[in-house]
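Coordinate inspection notes
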Amino acid sequence: MPRWVWVVLMLLTAGIIGGVAGLLSHAAGNNIPAAILTGGGAFAGTVALLLAIAHYAGAE
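Presented here is an overview of the structure given in this document. (Residues numbered from 1 in each chain as written. Predicted model: local features only at pLDDT ≥ 70, side-chain atom pairs only at ≥ 80, totals over all residues. Heavy atoms only, no water.)

1. Some points on the side chain of serine 25
- Position of serine 25 relative to the elements: it lies in helix α1 (residues 3-27).
- There is a polar contact of 3.5 Å between the side chain of serine 25 and the side chain of threonine 38.
- With residues up to four places along the chain from it excluded, the contact list for serine 25 reads Asn30, Ala34, Ala35 and Thr38. (Helix = DSSP H or I, 4+ residues; strand = E, 2+ residues; numbered from the N terminus. Polar contact = N/O pair within 3.5 Å; in protein donor to acceptor, adjacent residues only side chain to side chain. Contact = heavy atoms within 4.5 Å.)

2. Remarks on helix α2 (residues 32-58)
- Taking 1.5 Å of rise per residue, 27 residues should cover 39 Å, and α2 covers 39 Å from first to last C-alpha, within 8% of that figure.
- For α2, the full list of buried residues reads Ala35, Gly39, Ala42, Thr46 and Val47.
- Looking at the packing, one finds that the buried side of α2 touches α1.
- A distance of 3.1 Å separates the backbone nitrogen of alanine 34 from a side-chain oxygen at the start of α2, and that oxygen is part of asparagine 31. (Expected span 1.5 Å × (residues − 1). Buried < 20%, exposed > 50% of the residue type's maximum accessible area, 1.4 Å probe, protein only.)

3. Comments concerning α1
- The end-to-end C-alpha separation of α1 is 36 Å, in line with the 36 Å expected for 25 residues at 1.5 Å each.
- Here α1 has its buried residues at Val5, Met10, Ala14, Gly18, Gly22 and Ser25.
- On the buried face of α1, the contacting elements are α2.
- Count one or two residues on from α1 and you reach glycine 29, which has phi positive near 115°.

4. Brief notes about the side chain of threonine 46
- When you line up the elements, threonine 46 lands in helix α2.
- Within the local environment of threonine 46, its side chain forms a polar contact with the backbone oxygen of alanine 42, the two atoms lying 2.7 Å apart.
- When residues no more than four places from it in sequence are discounted, the contact partners of threonine 46 are Ala14 and Ile17.

5. Some points on the environment of glycine 15
- Secondary-structure assignment places glycine 15 in helix α1.
- Measuring from C-alpha to C-alpha, the distance between glycine 15 and alanine 44 comes to 9.3 Å, with 29 residues separating the pair along the chain.

6. Brief notes about the packing of α1 against α2
- Between α1 and α2, the shortest axis-to-axis distance is 7 Å and the interhelical angle comes to 150°. Taken together, the axis directions place α1 and α2 in an arrangement best described as roughly antiparallel. Considering the relative orientation of α1 and α2, their crossing is right-handed. When α1 is examined against α2, the residues Met10, Leu11, Thr13, Ala14, Gly15, Ile17, Gly18, Ala21, Gly22, Ser25 and His26 are found in contact with a partner set consisting of Ile32, Ala34, Ala35, Thr38, Gly39, Ala42, Phe43, Thr46, Val47, Leu50, Leu51 and Ala54.
- Class assignment for the residues of the contact of α1 with α2 results in 14 nonpolar, nine polar and no charged. (Axes fitted to C-alpha atoms, helices over the stretch in contact; angles between N-to-C directions. Parallel < 35°, antiparallel > 145°, perpendicular 65-115°, else oblique. Left-handed = near helix turned anticlockwise from the far one by under 90°. Nonpolar A, V, L, I, M, F, W, Y, C, P; charged D, E, K, R; others polar.)

Below is the structure:
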C-alpha cells in the first residue's frame, strides 16, 4: 500500500480514539474545554504511537 494510505488510516484511527476519549471525559463530568484537551492528548499520543510502530516495522 502507498505510504499516504497508511498515514490516512493512522489519522482516522487517532481521530476516533481522540473523539471517544473526549466524549468519555465529558461524560465523566469534565467541562468541555477539559474534554477537548483530553481528546487532543489521546489523539497526539495515538499518532505518536502509530508512527513509532510504523517506523519500527519499516526498519528491517
